[in-house]
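A structural walkthrough
One-letter residues, chain by chain:
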Amino acid sequence: MFAELPLLSLLIWLPIVGGAWVLLQGKNKDMATVRPVALFVAVITFLLSLFLYSGFDSSTAAMQFVEKHNWIAALNTYYHLGVDGISMPLIILTSFINVLVVLAGWEVIQKKPAQYMAAFLIMTGLMNGVFAALDAMLFYVLWEAMLVPMFIIIGVWGGPNRVYAAIKFFLYTLLGSVLMLIALLYMYNQSGSFGILDFHQLQMGMTAQTLIFLAFLVAFAVKVPMWPVHTWLPDAHVEAPTGGSVVLAAIMLKMGAYGFLRFSLPITPLASHQLAWMMVVLSLIAVVYIGFVALSQKDMKKLIAYSSIAHMGFVTLGFFIAFLIYDKTGQIGNGSVLGMEGAIVQMISHGFISGALFLCVGVLYDRVHSRQIYDYGGVANTMPLFAMFVVLFAMANSGLPGTSGFVGEFLVILGSFEAGFWIAFLAATTLIIGAAYSLWMVKRVLYGSIAEDKMETVGKLSDINGRETFILSTLAVMVLFFGIWPEPLLDVMHVTVANLLDHVHQAIQSAR
Amino acid sequence: MESIALIIVLAPLAGAILAGLFSVSRKVAHRITITGVGLSFILSLVVFKQVVLDGLLPFADGTAKEVTLYTWLSSGNSIFEIGFLIDSLTAIMMVTVTFVSWMVHIYTIGYMADDEHNWSGPGGAGKNSYQRFFSYISLFTFSMLMLVMANNFLQLFFGWEAVGLVSYLLIGFWFQRETAVYANLKAFLVNRVGDFGFLLGIAAVLMYFNSLNYADVFANANNLAGISIQVFPGVEWSLMTVICILLFIGAMGKSAQFPLHVWLPDSMEGPTPISALIHAATMVTAGIFMVARMSPLYELSTTALSFVLVIGAITALFMGFLGLVQNDIKRVVAYSTLSQLGYMTVALGASAYNAAIFHLMTHAFFKALLFLGAGSVIIAMHHEQDMRKMGGLKKYLPITYWTALIGSLALIGFPGFSGFFSKDAIIEAVHFAYEADRPGAMFAYYSVVIGVFITALYSFRMFFLTFHGQERMDEHTRSHLHEPPKVVTLPLILLAIPSVLVGVIALQALLYGNFFGDAIYIAKEHQVFTDYHGILGFVLHGLMQPPVYLAAAGVFTAYMLYMKWTDIPARIQHRFSMLHRILMDKYGFDRFNDWFFAGGARQTGNLFSSIGDKTIIDGFFVNGSAHLVNRISGILRQLQTGLLYQYAFAMIIGLLLLLGWFVHF
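The structure displayed is predicted, hence computed values, not measured ones.

**Brief notes about the overall build of chain A**
Helix and strand content of chain A: 22 helices and two strands. By the compact-globule yardstick of 24 Å for 512 residues, chain A fits well, its C-alpha radius of gyration being 22 Å. Judged by the C-alpha coordinates and their principal axes, chain A covers about 70 × 55 × 45 Å. Expressed as a percentage of its 512 residues, the buried residues of chain A come to 68%. The long-range share in chain A, meaning contacts at least 24 apart out of those at least 6 apart in sequence, stands at 81%. Surface accessibility of chain A: about 16000 Å² in total, with carbon and sulfur atoms responsible for 67%. Charged side chains of chain A number 23 positive and 26 negative; the gap between the two group centres comes to 11 Å.

**Looking at the packing of helix H1 (residues 7–25) of chain A against helix H2 (residues 34–54) of chain A**
Residue and element names in this part refer to chain A. Close contact between H1 and H2 brings their axes to 9 Å; oriented N to C, the two are set at 180 degrees. As far as their axial angle goes, H2 and H1 are roughly antiparallel. Residue-level inspection shows Leu 7, Leu 8, Leu 10, Leu 11, Leu 14, Pro 15, Gly 18, Trp 21, Val 22 and Gln 25 of H1 in contact with H2, the latter providing Val 34, Val 37, Ala 38, Phe 40, Val 41, Ile 44, Thr 45, Leu 48, Ser 49, Phe 51 and Leu 52. Of the residues in the contact of H1 with H2, the class split is 17 nonpolar, four polar and no charged.

**Looking at the pattern of salt bridges**
Tallying each qualifying case throughout the model produces 24 salt bridges over all chains. One network of salt bridges, in which partners are shared, links Lys 186, Asp 266, Glu 269, Arg 331, Lys 586 and Asp 590 of chain B.

**Considerations on helix H11 (residues 286–293) of chain B**
With eight of eight residues buried, H11 of chain B is to be regarded as a mostly interior element. Within the sequence span of H11 of chain B, burial applies to Ala 286, Gly 287, Ile 288, Phe 289, Met 290, Val 291, Ala 292 and Arg 293 of chain B.

**Points about the interface of chain A and chain B**
Listed per partner, the contact involves 65 residues of chain A and 61 residues of chain B. Between chain A and chain B, roughly 5300 Å² of surface is buried when both sides are summed, and carbon and sulfur atoms account for 72% of that area. Our count for the contact surface shared by chain A and chain B stands at one salt bridge. The tally of links from chain A across to chain B stands at 20 residue pairs in polar contact (both at pLDDT 80 or more).

**What to know about the domain arrangement of chain B**
On domain assignment, one finds that chain B holds domain 1 (161–580) and domain 2 (590–664). The straight-line distance from the C-alpha centre of domain 1 of chain B to that of domain 2 of chain B is 64 Å.

**As for the confidence of the model for chain B**
Confidence in the prediction of chain B, expressed as mean pLDDT, is 87, and 100% of residues score 70 or more. As a predicted assembly, this complex carries a pTM of 0.91 together with an ipTM value of 0.91.

**A short note on the pairing of strand E2 (residues 78–85) of chain B**
All names here are of chain B. Extensive coverage of E2 is indicated by the burial of six of its eight residues. With eight bridges joining them, strand E1 (residues 66–75) and E2 adopt antiparallel strand pairing. Along E2, the bridge assignment pairs Leu 73 with Phe 80. Following E1, the chain reverses through two residues before pairing antiparallel with E2; Gly 76 in that reversal takes a positive phi of roughly 60 degrees.

**A few points about the packing of aromatic side chains**
Residues and elements named next belong to chain A. The tally for this structure, following the rule as stated, stands at 83 aromatic pairs over all chains. Three or more aromatic residues joined by ring pairs form one cluster here, namely Phe 139, Trp 143, Phe 213, Phe 216, Phe 220, Phe 260, Phe 263, Phe 320 and Phe 323. Geometry around Trp 143 places Lys 223 over its ring, the cationic atom sitting 4.3 Å from the centre.

**Examining the UniProt feature "domain: NADH:quinone oxidoreductase/Mrp antiporter transmembrane" (unreviewed entry) in chain B**
The feature "domain: NADH:quinone oxidoreductase/Mrp antiporter transmembrane" (unreviewed entry), as given by UniProt, occupies residues 150–431 of chain B in the numbering adopted here. Across residues 150–431 of chain B, the secondary structure splits into 72% helix and 2% strand, with the terminal C-alpha atoms separated by 33 Å.

**Structural notes on unusual backbone geometry**
Here Val 224 of chain A and Pro 225 of chain A are connected by a cis peptide whose omega angle stands at -15 degrees. Among the secondary structure elements, Pro 225 of chain A is positioned in the loop between helix H9 (206–223) and helix H10 (232–239). Across the junction of Phe 258 of chain B and Pro 259 of chain B, the peptide omega takes the value 0 degrees, indicating a cis bond. Within the element layout of this structure, Pro 259 of chain B appears in the loop between helix H8 (239–254) and helix H9 (263–266). Residue His 369 of chain A is not a glycine yet carries a positive backbone phi of 60 degrees. Inspection of the secondary structure assignment puts His 369 of chain A in the loop between helix H14 (334–368) and helix H15 (379–382). Residue His 369 of chain A is classed as exposed on the basis of its relative accessible area, which comes to 57%.

**Side note on the environment of Met 312 of chain A**
Residue and element names in this part refer to chain A. Along the polypeptide, Met 312 turns up in helix H13 (residues 300–329). A relative accessible area of 0% places Met 312 in the buried class. For the pair formed by Met 312 and Val 224, sequence separation is 88 residues and the distance between their alpha carbons is 6.7 Å. If we ignore the near neighbours within four places in the chain, the residues touching Met 312 are Val 224, Leu 253, Lys 254, Ala 257 and His 350.

**Concerning the packing of helix H11 (residues 242–267) of chain A against H13 of chain A**
A pair of packed helices is captured by two measures, namely the crossing angle of their axes and the spacing between those axes. Residues and elements named next belong to chain A. The interhelical angle for the contact between H11 and H13, taken along N-to-C directions, is 15 degrees, at an axis separation of 11 Å. As far as their axial angle goes, H13 and H11 are roughly parallel. Seen from above, H11 lies across H13 with right-handed handedness. Between H11 and H13, the contacting residues are Thr 242, Ser 245, Ala 249, Leu 253, Lys 254, Ala 257, Phe 260, Leu 261 and Leu 265 on the first element and Lys 301, Ser 308, Met 312, Val 315, Thr 316, Phe 319, Phe 320 and Phe 323 on the second.

Conventions used here
Residues numbered from 1 in each chain as written. Chains lettered and ligands numbered in written order. Predicted model: local features only at pLDDT ≥ 70, side-chain atom pairs only at ≥ 80, totals over all residues. Heavy atoms only, no water. Helix = DSSP H or I, 4+ residues; strand = E, 2+ residues; numbered from the N terminus. Rg over C-alpha atoms; globule rule 2.2 N^0.38 Å. Buried < 20%, exposed > 50% of the residue type's maximum accessible area, 1.4 Å probe, protein only. Contact = heavy atoms within 4.5 Å. Areas by Shrake-Rupley, 256 points an atom, 1.4 Å probe, with all protein chains shown as cover. Lys, Arg positive; Asp, Glu negative; His and termini not counted. Charge placed at Lys NZ, Arg CZ, Asp CG, Glu CD. Axes fitted to C-alpha atoms, helices over the stretch in contact; angles between N-to-C directions. Parallel < 35°, antiparallel > 145°, perpendicular 65-115°, else oblique. Nonpolar A, V, L, I, M, F, W, Y, C, P; charged D, E, K, R; others polar. Salt bridge = Lys/Arg side-chain N within 4 Å of Asp/Glu carboxyl O. Buried area = accessible area lost by both parts, 1.4 Å probe. Polar contact = N/O pair within 3.5 Å; in protein donor to acceptor, adjacent residues only side chain to side chain. Domains from an automatic or database assignment. pLDDT = per-residue confidence, 0-100. Pairing = 2+ DSSP bridges. Phe/Tyr/Trp six-rings, centres within 6.5 Å; stacked < 30°, edge-to-face > 60°. Lys NZ or Arg CZ within 6 Å of the ring centre and 35° of its normal. UniProt positions renumbered as here; feature names shortened; annotations may be inferred. Left-handed = near helix turned anticlockwise from the far one by under 90°.

Here it is as structure tokens:
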């Protein structure tokens with residue numbers, strides 16, 4: 001019965017219109033309706049997004065739930081939406097995280113709550129649009145537009161240094177997108193269309209491909225973020241309010257990774273092949289170097305931010321080992337599939353785990369108003385239930401089997417072994433480093449007895465309330481579910497990934 | 001029988017969830033977990049009877065030894081499944097694990113009865129620590145069963161890490177203690193170093209065998225035996241050697257083999273029941289079990305076997321020495337465990353996988369017994385663990401005394417006791433390897449033989465210091481000394497029985513018979529135990545070998561040093577103070593690791609963070625380009641003076657230049 005509905009449009013416009021509605025509620029004096037309305041919109045959006053899963057046909061690589069309408073005829077651009085096995089789970093994740101973010105800000109945000117909730121709802125619509133857009137112009141507009149709510153969220157509800165962080169975030173990402181725009185315009189010139197799928201069919205020479213790849217690289221690497229353009233992330237996270245950090249880590253970072261899959265790999269397969277070694281090196285630096293940097297952090301949010309960068313290193317590693325395996329064996333290779341599917345699983349799983357960890361920091365920050373590790377110690381004494389969740393998420397962050405954090409890393413390590421022993425070796429160091437920074441933080445924050453000078457803060461903490469318990473248990477269930485049975489997630493992406501690898505493979509073959 | 005296997009695994013899990021997540025009373029918590037694990041034990045016996053005694057295949061109506069439960073994940077042409085494999089090796093592990101676990105569950109009722117007193121401060125963390133403890137040990141039982149019942153490498157790794165998680169939670173159970181939370185972090189990270197190798201080994205298996213299923217891998221092992229790979233460019237290594245050594249690195253972490261042994265002594269910070277269950281009887285033997293399970297692979301690489309042999313021998317001998325100087329009763333048992341794990345590893349290296357499993361089983365019973373006995377002493381002594389403050393406990397704790405004596409005799413290999421058979425088998429196997437000139441076997445042989453003397457010496461040092469001689473405790477403690485309640489002594493008695501008997505019962509089947517069938521594969525030229533001359537023959541043969549006399553000498557030396565000439569130990573210590581310091585320092589491993597690895601990692605992190613991120617990337621590039629823009633715009637701003645005559649002047653200059661340009665061309 002829902003097959004006839006323009007589901008993707010609904011997922012974009014419902015939260016945006018809903019956001020405007022919430023803004024209107026803010027005009028009321030008592031603002032009593034703001035939060036329920038926001039939650040209502042978020043939940044409906046999430047429930048609608050589930051129909052993407054139930055109605056999805058996992059046997060085809062073609063775009064599904066397609067909508068195509070004229071937009072600007074003169075430019076040959078369309079309002080063109082559709083999802084495949086890569087973007088569909090990301091849209092559900094976005095809608096899901098949005099519900100939790102609305103709940104997490106429930107009584108915590110007292111300053112302009114209507115604007116806060118509206119910003120998140122609108123951002124959700126825009127982000128869903130980014131994942132669903134099949135027209136490059138539409139993609140670009142949404143990609144840029146989504147920065148605005150985030151800029152406002154950091155700049156208005158952020159911490160003391162929020163202006164520096166917001167501007168750094170904005171300029172960093174804007175710099176990347178400008179180059180992407182040039183690349184898109186070049187390809188429009190070549191193909192006469194803004195259709196992303198048309199771009200996939202473009203036959204371009206090596207030079208053009210390399211330049212386009214590099215232009216995309218700047219845009220996407222900043223978003224992921226990859227070393228060395230990652231330094232905006234820790235600052236943005238530290239200053240952002242909890243909800244902002246959650247969306248940033250859980251969804252926005254995935255935009256960059258998604259960009260590689262939707263643009264770089266299929267449009268510039270030859271350049272991707274040529275520069276794969278560089279991408280692998282950068283990814284491994286992210287895993288190892290950033291892991292060590294995370295170890296030395298004293299601020300919990302910074303630590304998790306760096307941990308995010310290291311985990312995203314697995315995503316880019318998983319994408320690009322395919323080319324090294326191809327060089328070695330002359331075939332697509334099983335490891336390429338493992339690597340790429342592992343990387344996509346890692347994207348989803350990292351959304352749950354990093355989101356959960358930022359929410360946990362938020363829980364502490366709301367009570368003690370500090371993010372510094374040394375302000376805590378012995379929290380498990382006064383917040384045993386909370387401690388249980390933190391240990392679970394920290395374990396998931398260090399890739400414990402049985403949690404979703406294991407699945408992606410495991411597959412990428414298995415795949416990269418085919419690309420070379422030492423690549424797998426360096427990637428697998430995350431087993432040690434990841435556990436070290438995650439559990440060392442757990443030790444310093446949760447364990448130990450409460451020091452005398454912290455009796456007034458840590459000693460008086462109240463354990464998480466029903467709302468917080470609900471949020472964290474929802475995430476815990478997801479983390480455990482996909483750890484124990486990831487097949488439902490993998491199942492929808494097989495054909496899409498195989499098709500993508502095949503496309504890339506044929507392009508390289510025919511260039512020979 | 002699929003459902004029986006499922007119940008065996010899920011009953012402890014259900015107990016753990018109920019006791020841990022639902023706020024049940026203490027009584028309910030221990031009742032449901034004990035029922036769950038008890039059910040697992042009884043059903044394990046049923047499985048044992050069917051699979052081992054009746055020789056039936058457990059699954060698919062008696063036609064298969066393995067079953068797939070569900071597909072965990074599929075990707076490319078790899079399918080990862082969760083399933084069970086039950087053969088005699090699995091069955092014997094299941095019975096051992098569930099039995100020891102059950103005993104430990106019962107014992108815990110007594111040991112943790114007044115755990116509230118171990119907690120202080122706000123929050124009342126001790127309020128439900130009792131339930132939490134039962135939940136953890138049941139969860140451990142579930143994880144360990146998943147590990148031993150796995151039919152593929154993936155699930156093995158699942159169980160492997162899950163037992164590591166529970167070990168982490170239990171070592172840090174008293175999380176208010178700084179030493180406990182230091183120890184659990186250390187244990188987890190050192191284990192992760194092992195898992196790092198293990199995971200790479202699994203990746204290698206998947207790449208070359210294109211399956212993680214044991215059956216597929218073992219069936220293809222021979223075909224791939226000839227392959228060599230280049231890990232370092234230009235150096236050819238046999239694939240099997242690389243895989244086996246990588247997997248063994250995992251075993252070194254879990255089974256605490258040199259140099260990854262450092263976490264085990266510190267793990268004694270956890271409550272004693274888990275020291276018995278996890279850090280003596282079951283989890284630490286997971287590595288031994290794994291190598292035995294992989295025997296079809298290890299048999300294809302003599303290099304890997306020699307590596308295993310040497311690592312085991314180092315652990316067996318040098319960790320034994322450390323047991324000689326410890327004063328904490330639990331630490332003596334801990335070093336003894338390290339040394340005994342070394343013996344098992346040596347057996348693996350000598351291709352005597354069956355002897356290793358035999359010793360694993362006997363050790364599980366008598367070491368659990370010794371740990372629980374030590375725990376009983378600790379309860380009686382009001383949580384005093386220093387043997388220098390004990391002595392003469394025999395008359396206060398008769399049951400503990402006699403069971404501890406049985407455990408110690410089994411440990412040192414007193415003829416007829418279980419440890420005698422399993423240890424003699426190991427020495428026999430190493431001797432065989434030595435005669436076959438396998439690399440490292442000579443060193444291993446002398447290590448395990450000297451180790452017998454050391455084992456006897458430290459075991460009876462502990463025994464005499466604790467139960468005999470002067471009563472060195474204070475008056476208050478002495479007046480309260482009494483045997484702990486029945487829930488504590490009953491498991492001691494129940495563990496003492498197999499500690500004596502299991503050797504006699506299992507000897508023929510495990511070593512000489514066809515007990516393991518195709519569960520363990522030993523190449524023909526590596527088989528040691530071929531002609532069986534009966535129990536008596538084995539004992540008589542043992543009595544003609546040096547180990548028995550070395551053990552007797554060890555006991556005698558301990559008697560003389562700690563009962564007769566009690567001033568001598570101090571003089572030896574003084575005379576060889578250098579040696580004593582090295583032993584007290586545990587050969588300096590902890591200091592080195594703290595300095596090099598822990599400190600080094602922090603320093604590296606600081607360096608990367610302050611120089612890499614802050615100075616170079618942010619300082620130079622990011623803020624630097626911002627400053628550059630700032631500076632250039634500052635220069636350009638000079639031109640925007642706002643003075644009309646300057647603009648007019650500039651216009652005139654410009655006009656002139658333009659005119660000149662036009663005129664010129």
